[in-house]
Amino acid sequence: ELYAEANAYRLEEIDGIKDKIVLFEGESEKIIVSAGNNKLSISLKRTEPVIQTSSIELSISIDGTPDSNRIQAYEIRIRDSNNEMSQKLTVDNIEIPVLIENLPQDNYTISVLAYYSNLNVDGDGGEPYDDVTYYGKTSTELSAGENKSANVELRDFSSSGTYICVNIQPINSAAEEWAKLGSKNQYSCTITGNGVNFTIEGEETVGNGNNYGYMTPGSWNSHRDKFLEPGFAYTFDVTVIKAGWVDNAWVEKIREYHGTKTQIVEESNYSNQSSHEVTVEVE
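This text gives an overview of the structure that appears in the document. Treat the numbers as computed from the prediction; the structure is a model and nothing was measured. (Residues numbered from 1 in each chain as written. Predicted model: local features only at pLDDT ≥ 70, side-chain atom pairs only at ≥ 80, totals over all residues. Heavy atoms only, no water.)

1. Describing the overall build of the protein chain
Check the secondary structure of the protein chain and you find two helices and 17 strands. On C-alpha atoms alone, the protein chain measures out to a radius of gyration of 29 Å, which is more than a quarter above the 19 Å that the 2.2 N^0.38 rule sets for 283 residues. Projected onto its principal axes, the C-alpha coordinates of the protein chain cover approximately 110 × 50 × 35 Å. Residues counted as buried form 36% of the 283 residues belonging to the protein chain. Residue pairs at least 24 apart in sequence account for 62% of intrachain contacts in the protein chain once pairs closer than 6 positions are excluded. Accessible surface computed for the protein chain: about 16,400 Å², of which carbon and sulfur atoms make up 44%. In the protein chain, 22 side chains carry a positive charge and 45 a negative one; their mean positions are 6 Å apart. (Helix = DSSP H or I, 4+ residues; strand = E, 2+ residues; numbered from the N terminus. Rg over C-alpha atoms; globule rule 2.2 N^0.38 Å. Buried < 20%, exposed > 50% of the residue type's maximum accessible area, 1.4 Å probe, protein only. Contact = heavy atoms within 4.5 Å. Areas by Shrake-Rupley, 256 points an atom, 1.4 Å probe, with all protein chains shown as cover. Lys, Arg positive; Asp, Glu negative; His and termini not counted. Charge placed at Lys NZ, Arg CZ, Asp CG, Glu CD.)

2. Brief notes about the state of the cysteines
Under the counting rule described, the total for this entry stands at zero disulfides. Its sulfur unpaired, Cys165 is 11 Å from the next cysteine sulfur, which belongs to Cys189. Cys165 gets classed as buried once you look at its relative accessible area, which sits at 0%. Given a relative accessible area of 0%, Cys189 falls into the buried group. (Disulfide = S-S within 2.5 Å.)

3. So, a nonpolar patch on the surface
On the surface, a cluster of nonpolar side chains totalling about 230 Å² of accessible area is made up of Leu2, Val33 and Leu40. Mapped onto the elements, Leu2 comes out in the segment before strand S1 (5-14). For Leu2, a relative accessible area of 37% translates into the label partly exposed. (Patch = residues over 30% accessible without salt bridge, like charges linked within 9 Å, V, L, I, M, F, W, Y side chains within 5 Å. Salt bridge = Lys/Arg side-chain N within 4 Å of Asp/Glu carboxyl O.)

4. Let's talk about the packing of aromatic side chains
In this structure the tally under the stated criterion is six aromatic pairs. Ring centres of Tyr163 and Tyr270 lie 5.6 Å apart, and the angle between their planes is 85°; on these two criteria the pair is classed as edge-to-face. Placement of the pair is Tyr163 in the loop between helix H1 (157-160) and strand S11 (166-170) and Tyr270 in the loop between strand S16 (249-264) and strand S17 (278-282), with a sequence separation of 107 residues. Judged by its relative accessible area of 13%, Tyr163 falls in the buried class. An aromatic cluster is defined as three or more aromatic residues linked by ring pairs; in this entry it consists of Tyr135, Phe157 and Phe227. (Phe/Tyr/Trp six-rings, centres within 6.5 Å; stacked < 30°, edge-to-face > 60°.)

5. Let's talk about the sheet that holds strand S14 (residues 213-215)
Spatial ordering of the open sheet is given by S14-S11-S17, a layout of three strands whose pairing is mixed. A strand with exactly one partner marks an edge of an open sheet, and here the two such strands are S14 and S17. The mean angle between the axes of side-by-side strands here comes to 20°, regardless of whether they run parallel or antiparallel. Pairing geometry for S11 and S17, over five bridges, is parallel. Residue pairing across strands places Asn167 opposite Thr279, the latter belonging to S17. (Pairing = 2+ DSSP bridges. Axes fitted to C-alpha atoms, helices over the stretch in contact; angles between N-to-C directions.)

The structure is reproduced here in structure tokens:
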């Protein structure tokens, strides 16, 4: 009495070592061998792939002497080589390294936000918010089955975050209509990408010679859910509604302009905001 086993496989070489990856496998029924030809039939079934996951032991430090009153918790963001968020963790302290597990082989960017809950009412939505106080990031490459150590050093938000101002520039016919005396522009900018999606608004009275609009971040740039991390791309969708006097009557919507810009934002602060602004053309 006997039976037969069979498999289909491929060979993969990792770090000079060849590994046999079984793709299909199966076995025949048992038969009793008799004189003459004995036939066996084997149905191969696809095997579940075995993925060797990796881990990172992450140490987090803070440059200088941190203000403990400004830290409530730490949010750790792990992004893969496509900048997709693969994991997001929250820890209360950084006295011991944080173990990040179940990571497939890839290149990872790890960012850490230290924050506290600001119970003061902000100027945008009237609700308390989490205020980012320290920030840092690092990159590391993981092989299959590797356990690796990494370190992120956090710096004060004012020197490690972003202070993005949106310069709204009318083009074509919009440029001709923009600065008519007695009009008012209502700005709306929706910012998306890398886990954020929010809208900010502003307005200004437009006089002669004003051929652009400007939106400054105010306090929202330090909000955890609105924080634009340096080195990542974000999309800025702008809508401008022009109001003004028409035939001695005030009209709330004379014209509407649109524009969009995708840009990698850079580390910036209040003092160098003009050199890191995002210019969006609208028409």
